[in-house]
Amino acid sequence: SMSPFNAWVFFKGLETLKLRMDAHSKKAIELALWLEQKQKVSRVYYPGLASHPQYELALKQQSSGGGIVSFIIDGGKKDAWNLIDSTKLISITANLGDTRTTITHPASTTHSRLSQNERDNSGIKDNLIRIAVGLEDIEDLKKDLAIL
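Residues numbered from 1 in each chain as written. Predicted model: local features only at pLDDT ≥ 70, side-chain atom pairs only at ≥ 80, totals over all residues. Heavy atoms only, no water.

J.: Describe helix α2 (residues 17–36), naming the residues involved and giving the relevant values.
T.: Taking 1.5 Å of rise per residue, the 20 residues of α2 would be expected to cover 28 Å, and the 28 Å separating its terminal C-alpha atoms lies within 8% of that figure. Regarding α2, the residues found buried are His24, Ser25, Lys27, Ala28, Leu31, Ala32, Trp34 and Leu35. Looking at the packing, one finds that the buried side of α2 touches β1 (41–45), β2 (68–73), β5 (128–132) and α6 (138–144). (Helix = DSSP H or I, 4+ residues; strand = E, 2+ residues; numbered from the N terminus. Expected span 1.5 Å × (residues − 1). Buried < 20%, exposed > 50% of the residue type's maximum accessible area, 1.4 Å probe, protein only. Contact = heavy atoms within 4.5 Å.)

J.: Let's hear about the nonpolar core: which residues, and what values?
T.: Ranked by size, the top nonpolar core spans 24 residues in total, and within it Leu35, Phe71, Ile129, Leu145 and Leu148 carry the most contacts. Going through the elements one at a time, α2, β1, β2, α4 (77–86), β5 and α6 are the ones with two or more residues in this core. The dominant element in this core, judged by the number of residues it contributes, is α2, at 5 residues. Discounting chain neighbours no more than four positions away, the residues touching Leu148 are Trp34, Leu35, Lys38, Lys40, Val41, Phe71, Ile73 and Leu83. (Core = buried A, V, L, I, M, F, W, Y, C linked by side-chain atoms within 4.5 Å.)

J.: Explain the environment of Ala132 to me, using residue names and the numbers behind them.
T.: Tracing the backbone through its elements, the reader meets Ala132 in strand β5. Among the residues examined, Ala132 registers a relative accessible area of 5% and is labelled buried. Put simply, Ala132 and Ile103 are 29 residues apart on the chain and 6.5 Å apart in space, counted from C-alpha to C-alpha. Not counting residues up to four positions away in its chain, the partners in contact with Ala132 are Gly67, Ile68, Asn95, Leu96, Arg100, Thr101 and Thr102.

J.: Explain the pattern of salt bridges to me, using residue names and the numbers behind them.
T.: As enumerated under the stated definition, the model contains 3 salt bridges in all. In this structure, the salt-bridge partner of Lys12 is Glu15, at a minimum N-O distance of 3.4 Å. A salt bridge links Glu139 to Lys142; its shortest N-O distance comes to 3.3 Å. In this pair, Glu139 and Lys142 both sit in helix α6, 3 residues apart, roughly one turn of the helix. Judged by its relative accessible area of 41%, Glu139 is partly exposed. Here Lys142 falls in the buried class, since its relative accessible area comes to 18%. (Salt bridge = Lys/Arg side-chain N within 4 Å of Asp/Glu carboxyl O.)

J.: Give me the sheet that holds strand β3 (residues 91–92): which residues, what numbers.
T.: In sheet architecture, strand pairing relies on hydrogen bonds along the backbone and comes in two forms, parallel and antiparallel. Spatially, 5 strands are ordered β1-β2-β5-β4-β3 in an open sheet, and the strand pairing comes out mixed. The sheet is open, and its two edges are formed by β1 and β3, each paired on a single side. As defined by bridge partners, strand β4 (residues 102–104) adjoins β5 across 3 bridges and the pair is classed as antiparallel. Looking at the pairing, Ile103 lines up with Ile131 of β5. Sitting on the sheet, α4 touches β2, β3, β4 and β5, and the angle it makes with β2 is about 130°. (Pairing = 2+ DSSP bridges. Axes fitted to C-alpha atoms, helices over the stretch in contact; angles between N-to-C directions.)

Pasting the structure below:
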């Protein structure tokens, strides 16, 4: 169980959760739309996009698409890591829900314990990148992803 201090900090964070989620979601849809236009991006996964296979379901169940955007970059694992390593503002971590934007390579972090076959069956490709959009200015995030 949590310590009293950690519980208090957690509770304090809940006071601004709606404001933060609104900001995360607004920036995430902007980033997802921008990524869809990039030549080096072959697919964007974000439930707030009409191109998402479960877009209609998301509209019924959610008030927004949330703060997580995943996408497939052309090439392979080396190309994915080249993009990740090129970022300066975006933090390289598998953490979610931070006020800072984070980027990760799921195949070698959060899903690394799965076999290659299990990752393939789950759509966790070597060129899949996940971004948890934070509260930074959207134009700064786009500039940080400039190699796309």
